[in-house]
Amino acid sequence: MPPAEALRIARAFLPERWWGNRTLYYYSRAKLRTDPLYPGVIEALRGTSLPVLDVGCGIGLLAHALRAQGLSMAYRGVDIDAPKIGEARRGAARAGLHEVAFDVVDVEDGLPAHHGSVAVLDVLQFVPPDMQADVVAQAIDRVAPGGRLVIRTGLDDGSTRARTTRRIDVLSRVLHWMPSAPKGYPNPDALRAQFERAGLRATFTPLFGNTPFNNWRIVAARD
Ligand SMILES: C[S@@+](CC[C@H](N)C(=O)[O-])C[C@H]1O[C@@H](n2cnc3c(N)ncnc32)[C@H](O)[C@@H]1O
């Protein structure tokens, strides 16, 4: 994303007072500038107008990125982390985003009712591996004709990148870098078979950016 756009969005996460904590401001500015995630999702959703459910939305950066690119479909973000949902609500209100809502939801308890497009971005790895297929199935069920399912995830495809991803995850766990460590990544063949069974066309595109991670964008749609 162009630096000026990233800066404009990140300003919504500045603290109320000048001495407040600027972590979210710096995080969102860097993430929006450097991560190919949001341009990749916007490319997949452009031309659609159905509401978007953003599963594991964090602080809701996708909502800001959509509006910055003129995509005005209704947006609902859900995340297990209540403080992040609080920040997401505050940031969206500060930026004056319309038709945007955020709720605390644990996807392990089931996805909320929805009919439209669904985004699941960098979330599957935090769901226990034996529940990932169910989360994907629930996301598929919520995709309407004309909608898109957009997933970004690491893939357990036996590649050098997949091994590097796993090593970095183990290291992060040991060093307690991340509050919750990834639990595992889906197998691409199993995912492809699941989309096929559900009658969805899916395209898998590498979305590594400048990272060592084995990140992929998956876009699935009903025929
Ligand atoms: C790496 S962040 C990605 C945030 C956002 N999707 C993005 O791309 O900017 C992973 C998010 O998944 C959320 N998450 C993890 N487990 C979850 C669960 N069981 N239910 C809902 N959200 C969950 C975390 O709270 C976190 O905000």
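Look up: the structure comes first, before these words.
What counts as what
Residues numbered from 1 in each chain as written. Predicted model: local features only at pLDDT ≥ 70, side-chain atom pairs only at ≥ 80, totals over all residues. Heavy atoms only, no water. Helix = DSSP H or I, 4+ residues; strand = E, 2+ residues; numbered from the N terminus. Rg over C-alpha atoms; globule rule 2.2 N^0.38 Å. Contact = heavy atoms within 4.5 Å. Areas by Shrake-Rupley, 256 points an atom, 1.4 Å probe, with all protein chains shown as cover. Lys, Arg positive; Asp, Glu negative; His and termini not counted. Charge placed at Lys NZ, Arg CZ, Asp CG, Glu CD. Near = heavy atom within 4 Å. Polar contact = N/O pair within 3.5 Å; in protein donor to acceptor, adjacent residues only side chain to side chain. Nonpolar A, V, L, I, M, F, W, Y, C, P; charged D, E, K, R; others polar. 1 Å grid on protein atoms, 1.4 Å probe; cavity = no way out; pocket = protein on both sides within 12 Å on 5 of 7 lines; lining within 4 Å. Points joined across faces, edges and corners; volume = space filled by probe spheres on them. Core = buried A, V, L, I, M, F, W, Y, C linked by side-chain atoms within 4.5 Å. Buried < 20%, exposed > 50% of the residue type's maximum accessible area, 1.4 Å probe, protein only. Pairing = 2+ DSSP bridges. Axes fitted to C-alpha atoms, helices over the stretch in contact; angles between N-to-C directions. Left-handed = near helix turned anticlockwise from the far one by under 90°.

**Comments concerning the overall build of the chain**
- From N to C terminus, the chain includes eight helices and seven strands.
- Taken over the C-alpha trace, the chain has a radius of gyration of 17 Å; the compact-globule value for 223 residues is 17 Å, and the two agree within 12%.
- When the backbone C-alpha atoms are referred to their principal axes, the chain occupies close to 50 × 45 × 35 Å.
- Sequence-distant contacts in the chain: of pairs separated by 6 or more residues, those separated by 24 or more amount to 69%.
- Here the chain has roughly 11000 Å² of accessible surface; of this, 55% comes from carbon and sulfur atoms.
- The chain carries 28 positive and 23 negative side-chain charges, and their two centres are separated by 7 Å.

**Topic: the site of the ligand**
- In the region of the ligand, 16 residues are neighbours, and Tyr-38, Gly-56, Asp-79, Asp-106 and Leu-121 sit closest.
- In the environment of the ligand, an oxygen atom lies 2.7 Å from a nitrogen or oxygen atom belonging to the side chain of Tyr-38.
- In the environment of the ligand, a nitrogen atom lies 3.2 Å from a nitrogen or oxygen atom belonging to the backbone of Ile-80.
- Across the shell around the ligand, the residue classes break down as nine nonpolar, two polar and five charged.

**Description of the layout of surface pockets**
- Of the voids in this model, the largest pocket is the one considered here, and its volume is about 1400 Å³.
- Of the residues forming the lining of the largest pocket, the biggest block, five residues, is contributed by helix α2 (residues 23-34).
- The residue inventory of the lining of the largest pocket, partitioned by class, reads 24 nonpolar, 13 polar and twelve charged.

**Brief notes about the nonpolar core**
- Grouped together as the largest cluster of nonpolar side chains are 33 residues, with contacts concentrated most on Leu-45, Leu-62, Leu-66, Tyr-75 and Phe-102.
- Every element with two or more residues in this core is listed here: α1 (3-10), α3 (37-45), α4 (61-68), α5 (82-95) and β4 (117-121).
- When sequence neighbours within four positions are dropped, the list of residues in contact with Leu-62 reads Tyr-38, Val-41, Asp-54, Tyr-75, Ala-119 and Leu-121.
- Ranked by size, the runner-up nonpolar core spans 26 residues in total, among them Val-55, Val-135, Ile-151 and Ala-220.

**Structural notes on the sheet that holds β4**
- With mixed pairing, seven strands are arranged side by side in an open sheet as β3-β2-β1-β4-β5-β7-β6. Looking at the sheet topology across the chains shown, the edges are occupied by β3 (100-104) and β6 (200-206). Strand-to-strand twist across the sheet, computed as the mean angle between neighbouring axes with direction ignored, equals 20 degrees.
- One ladder, built from six bridges, connects strand β5 (residues 149-154) with strand β7 (residues 215-222); its direction is antiparallel. In the sheet register, Gly-154 faces β7, and the bridge partner there is Asn-215.

**Details of helix α6 (residues 129-141)**
- If you check which residues of α6 are buried, you get Gln-132, Val-135, Val-136, Gln-138, Ala-139 and Ile-140.
- Looking at the buried side of α6, the elements it contacts are β4, β5, α8 (188-197), β6 and β7.

**Focus on the packing of α6 against α8**
- As a packed pair, α6 and α8 sit with axes 11 Å apart at the nearest point and diverge in direction by 30 degrees. The crossing of α6 and α8 is right-handed. Contacts between α6 and α8 involve Ala-133, Val-136, Ala-137 and Ile-140 from the former and Leu-191, Gln-194 and Phe-195 from the latter.

This is a description of form; function is not addressed.
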